[in-house]
Amino acid sequence: MSEPTAQPLAEPLVQAQAEVAELLSELIRIDSTNTGDTATSAGERKAAEWVAGKLDEVGISSQIFESERGRASLVARIPGADRSRPALLVHGHLDVVPADPAEWSVHPFAGEERDGYIWGRGAVDMKDMDCMVLALVRDWARTGVQPPRDIVLAFLADEEAGGRLGATYMVDEHPELFEGCTEAISEVGGFSITVRDDLRLYLVQTAEKGMGWMRLTVGGRPGHGSFVHDDNAVTRLAEAVARIGTHRFPLTLTPPMRQFLAAVEDAYGIEIDPAEPELALARLGSLSRMIGAALRNTANPTMLQAGYKANVVPGTASATVDGRFLYGQEEEFERQLDALMGEGVQREWLVHNQAVETTFDGPLVDQMVAALKAEDDGARPVPFTMSGGTDAKSFERLGMRCFGFSPLRLPPELDFASLFHGIDERVPVESLQFGIRVLDRFLRSA
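Right, let's walk through the structure included here. (Residues numbered from 1 in each chain as written. Predicted model: local features only at pLDDT ≥ 70, side-chain atom pairs only at ≥ 80, totals over all residues. Heavy atoms only, no water.)

**A look at the pattern of salt bridges**
Condition: We define a salt bridge as a side-chain nitrogen of Lys or Arg found within 4 Å of a carboxyl oxygen belonging to Asp or Glu. Here a helix means four or more residues in a row that DSSP labels H or I, a strand means two or more in a row labelled E, and each is numbered from the N terminus. Remark: exposure states derive from per-residue accessible area (1.4 Å probe, protein chains only) relative to the maximum for the residue type, with buried under 20%, exposed over 50%, and partly exposed in between.
Taken as a whole and assessed by the stated rule, the structure comprises 32 salt bridges. Between Arg-71 and Glu-44 there is a salt bridge, and its shortest N-O distance comes to 2.4 Å. One end of the pair, Arg-71, is in the loop between β1 (63–66) and β2 (72–78); the other, Glu-44, is in helix α2 (residues 44–56), with 27 residues separating them in the sequence. The partner of Arg-444 in a salt bridge is Asp-440, with the nearest N and O atoms 3.7 Å apart. For Arg-444, a relative accessible area of 32% gives the class partly exposed.

Structure follows, in structure tokens:
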């Protein structure tokens, strides 16, 4: 990688930094919960219209598309100074996972500002990035800033259920909107881990595991619950689920994770045993669970369905399993599952999306590094593999290199990893303002 060059910060960015917290509060107040079912999901159309309104206020035109009624995504293109250059896609999703107000310290859709944080569902996943981008491009439009190349903005539906009604629909039905885009940035990357006062690792996502959500079904002989049943569907399903849920898949070190582990060794001055890297990752606190899951394939049972009465043995039983596989491991993962399921268990894919991986090099990465270091002289950007999935899976099919780059300098005491889909989700206002400054440097030079 060539030595990155810091770009001058566009001053003052005063309005962008001043309004980002209120924008995020407003967007959180739009309950865009995605249950996985259009009939019970809500708010994506309202959120897309809200974004369109904020763009229209500063003269940026956009289009809204619906895959199903209410399942809305928005796309806008900001012309660059050099229209002959490939375009850059900046994408985010507007939907959020459900939240139970009874579990929270504040109402999850109040968008409350408290103790220097914005609280609410979506504050870190990922309405924060949506609003950092929105605040920045509004500032550009007001002050006449033009990026060096076209930037395509996409605010998408349905990411939390695999993206079929959002990014996948847009790529399949409206690929012309992304014409010329060769690279993309989005969520879960660019956030900091504090090693010491003068050193922070910033994790840039260059890979993410594939997604294999599946339904396992077992048939058996139905009958009265008081009889002896050697062919009990519930029993055989439970045995298969237990085998899968307790299995520890083999360690597989992919290139991004080898680079990440090398960076951890250097930053902490330790030696990591390549056979047991999780021991060293414990230094990262709760984040070690997310990072550690990228060292191997995983499969976790999440739902069970069987029976309709206490004294009736049902004829079928089913379970839902959240499977994730590393880049290059898809076929091996299926073989591993087949061995664990055993005889008589049928597997049906509910969502099946490929793993994504690119390299941590090239001019775009150089500018990420430069932008982070210009705003934090203790920054050390490093690549990593995310254990979950994003809409990058859809956009990679159009030939884009995809990165997770949603820059946040985080307080060392914040348990950031637990906030993804967790209770009391929140993001520091100062982190949002930091992110705007980094994104401005990055996008004005990328």
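Continuing now.
**Quick word on the sheet that holds strand β14 (residues 316–325)**
Short version of the rule: Criterion used throughout: strands pair if DSSP finds at least two bridges between them. Lines fitted to C-alpha atoms define the axes here, with helix axes fitted over just the stretch in contact, and angles between the N-to-C directions of these axes take values from 0 to 180 degrees. Any two residues whose heavy atoms approach within 4.5 Å at even a single point are treated as in contact.
Taken in spatial order, the four strands make up an open sheet running β12-β14-β10-β15, and their pairing is antiparallel. Unpaired on one side and paired on the other, β12 (298–306) and β15 (345–353) mark the two borders of the sheet. With strand direction ignored, the average angle separating the axes of adjacent strands in the sheet is 20°. Inspection of the sheet shows β12 paired to β14 by eight bridges, in the antiparallel sense. Within β14, the residue paired with Asn-300 across the bridge is Asp-322. This element, helix α5 (residues 233–246), spans β10 (210–219), β12, β14 and β15 of the sheet and lies at about 15° to β14. Sheet strands in contact with helix α9 (residues 330–341) are β10, β12, β14 and β15, and its direction is about 150° off that of β15.

**As for the nonpolar core**
Defined as follows: By convention a nonpolar core is built from buried Ala, Val, Leu, Ile, Met, Phe, Trp, Tyr and Cys residues, the set being connected through side-chain atoms within 4.5 Å.
Membership of the largest hydrophobic core comes to 105 residues, with the highest contact counts inside it found for Phe-191, Leu-203, Phe-260, Phe-384 and Phe-442. Beyond its immediate sequence surroundings of up to four residues, Leu-203 is in contact with Gly-189, Gly-190, Phe-191, Ile-193, Phe-260, Leu-287, Ile-291, Val-382 and Phe-384. Among the nonpolar cores identified, the runner-up in size contains 20 residues, and Val-241, Ile-244, Ala-317 and Leu-337 belong to it.

**Comments concerning the side chain of Ser-445**
Counted only if it meets this: For the purposes of these results, a polar contact is taken to be a pair of N or O atoms within 3.5 Å, where, inside protein, one atom must be able to donate a hydrogen and its partner to accept one; residues adjacent in sequence count only when each atom of the pair is a side-chain atom.
Relative to the helices and strands, Ser-445 is located in the segment after α12 (429–443). A distance of 2.8 Å separates the side chain of Ser-445 from the backbone oxygen of Arg-441, its partner in a polar contact.

**A short note on the sheet that holds strand β4 (residues 113–114)**
Strand order in the open sheet formed by three strands is β4-β5-β19, and the pairing between neighbours is antiparallel. The strands lining the two open edges of the sheet, one partner per strand, are β4 and β19 (426–428). As paired strands, strand β5 (residues 117–119) and β19 are joined by three bridges and run antiparallel to one another. In the sheet register, Ile-118 faces β19, and the bridge partner there is Val-427. Strands in contact with helix α1 (residues 14–29) are β4, β5 and β19; relative to β5, the strand with the most contacts, it is inclined by about 10°. Across the sheet, α12 touches β4, β5 and β19, and the angle it forms with β19 is around 65°.

**Considering helix α10 (residues 363–375)**
Where we set the bar: Residue count minus one, scaled by 1.5 Å, sets the expected span of a helix.
Taking 1.5 Å as the rise per residue, α10 with 13 residues should run 18 Å; its terminal C-alpha atoms sit 19 Å apart, in good agreement. For α10, the buried fraction is high: 10 of the 13 residues fall into the buried class. Residues of α10 that are buried make contact with β3 (87–93), β7 (181–186), β9 (199–208), β17 (379–386), β18 (401–404) and α12.

**Focus: the pairing of β14**
Counting buried positions along β14 yields eight of 10 residues, so the element is predominantly enclosed. Strand direction decides the pairing type here: β10 and β14, joined by 10 bridges, are antiparallel. Bridged to Gly-210 within β14 is Phe-325.

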